Amino acid sequence: MERLELIVVQLEEAKGMIEKGRVPHLRLAFILLDSVTELILHRTVQSALWDQEILTGLLTTCKELAASGHTEAAAEIPSIEARIIPKSELKNIDRNFDAKVAFLVDRGVLDPALGPILQKLHKYRNEMYHRDKLRHEVIRPATLIYFDSACTAMDSYSQQYMAYGSTPLGPELTRFTGGRMAGFMEQNLPQKIAAQLRREVGLDLPHVRSALTQYLDARLNEISDGLTFIEDNLGVPSLVPGDALRLVQANLAANPTLEQVRGKKYPYSKADMERWRNQIIALKSINDKHELVREYAAIEDAFEPFEQLVEKAVMDVDRELQLQIDIARGK
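Thresholds, definitions, all that
Residues numbered from 1 in each chain as written. Predicted model: local features only at pLDDT ≥ 70, side-chain atom pairs only at ≥ 80, totals over all residues. Heavy atoms only, no water. Axes fitted to C-alpha atoms, helices over the stretch in contact; angles between N-to-C directions. Helix = DSSP H or I, 4+ residues; strand = E, 2+ residues; numbered from the N terminus. Parallel < 35°, antiparallel > 145°, perpendicular 65-115°, else oblique. Left-handed = near helix turned anticlockwise from the far one by under 90°. Contact = heavy atoms within 4.5 Å. Nonpolar A, V, L, I, M, F, W, Y, C, P; charged D, E, K, R; others polar. Phe/Tyr/Trp six-rings, centres within 6.5 Å; stacked < 30°, edge-to-face > 60°. Buried < 20%, exposed > 50% of the residue type's maximum accessible area, 1.4 Å probe, protein only. Lys NZ or Arg CZ within 6 Å of the ring centre and 35° of its normal. Salt bridge = Lys/Arg side-chain N within 4 Å of Asp/Glu carboxyl O.

Asks: Got a minute to help me understand the packing of helix α2 (residues 23-48) against helix α7 (residues 115-131) in this structure?
Replies: A packed helix pair is summarised by two numbers, namely the angle formed by the two axes and the spacing between the axes. Contact geometry for α2 and α7: axes closest at 10 Å, N-to-C directions at 130°. If you check the angle between α2 and α7, you find them oblique. Crossing hand, α2 versus α7: left-handed. Across the interface between the two elements, Arg27, Phe30, Ile31, Asp34, Thr37, Glu38 and Leu41 of α2 pack against Leu118, Leu121, His122, Tyr124, Arg125, Met128 and Tyr129 of α7. Taken together, the residues of the contact of α2 with α7 break down into eight nonpolar, two polar and four charged.

Next up, the structure:
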């Protein structure tokens, strides 16, 4: 039970930080939720891989028997080999969050609808933890989604048995056990805990949906405004709407003419901008939490590389403008 207690305490601590509600607390809650989710995934993977060592030993035995002329053992070798996961793949699953998710979805252990959501949220965690990127506008809804998703992942959590050890359990877990401190616990205790925690924290879907759509819509507006800024301030005559969209994607190091820039095709176009806008509008009619986050993630992943190109170009143009202003002022 101590193993389950480790999970429950992390979820309870994240819950407390969510209730405080300030951005620093929400950031800590998000990182903690990512940690406990990976712990749940790791243990679930280990449970799913319980047969690998047995199969490896069985394969060795069958090969030894086959070498001695045992035809039945030789016939079993292909089926055993098909069930053994290569060491390189096992290593990747052990080290990689996304690989754990993909493995459990493929095995039918984890809900396929949850897979892309966990992978997207883990990406957000890496931004927070490794690159100090904090999406203030959606930190609260994203944390609520992660809490709900961690509880959903816990629905797939199972142990061969759960019994209390000699170490007394803390209040975080005993409040779910009715105060019982000895003996074996029911196998569905993790699922009961997950359901109760999910109810206690709650997920206001209309609020989450509104926050996500407003966030994407504002970023798309910033992209449009950035393109307009470039066209207005680049200092190139005869620019028309749409030129900036091409210029941010062009290889300007090759010194192409404006006509050459206009004559090439690029990964992103005005049609993409219109499609993203329509997809954002469509989010407002989605009532399934997993579908909502999945579609949100797909839209963001689609336009984010282009957004980064525009942001860099805007910074370059702005820097040049400031340089010209400083020169004019004699600085």
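Past the structure itself, the notes keep going.
Asks: Looking at this structure, how should I read the packing of aromatic side chains?
Replies: Aromatic rings considered in pairs are described by the distance between their centres and by the relative angle of their planes. The tally for this structure, following the rule as stated, stands at five aromatic pairs. Seen from their ring centres, Phe30 and Tyr146 are 5.0 Å apart, and the 65° between their planes marks the pair as edge-to-face. Of this pair, Phe30 sits in helix α2 while Tyr146 sits in helix α8 (residues 139-154); the two residues are 116 residues apart in sequence, bridging distant segments of the chain. Classification of Phe30 by relative accessible area gives buried; the value is 0%. Chaining the aromatic ring pairs together yields one cluster made of Tyr268, Trp276, Phe303 and Phe306. Between Arg125 and the ring centre of Tyr129, over which it is positioned, the NZ or CZ distance is 4.4 Å.

Asks: What is the right way to look at the environment of Ala313 in this model?
Replies: Among the structural elements, Ala313 can be located in helix α15 (residues 289-328). A sequence separation of 86 residues divides Ala313 from Leu227, and the C-alpha atoms of the two residues are 8.8 Å apart.

Asks: Any chance you could explain the pattern of salt bridges here in plain terms?
Replies: A side chain with one charge can pair with a side chain of the opposite charge if their charged atoms come near. A complete count under the given rule lists 27 salt bridges for this structure. The partner of Glu38 in a salt bridge is Lys100, with the nearest N and O atoms 3.6 Å apart. On the criterion of sequence distance, the pair formed by Glu38 in helix α2 and Lys100 in helix α6 (residues 97-106) is long-range, its members being 62 residues apart. Given a relative accessible area of 24%, Glu38 falls into the partly exposed group. Overall, Lys100 belongs to the buried group, its relative accessible area being 2%. Between Lys123 and Asp301 there is a salt bridge, and its shortest N-O distance comes to 3.6 Å. Here the residue Lys123 occupies a position in helix α7, and Asp301 occupies one in helix α15, the gap between them amounting to 178 residues. Overall, Lys123 belongs to the partly exposed group, its relative accessible area being 35%.

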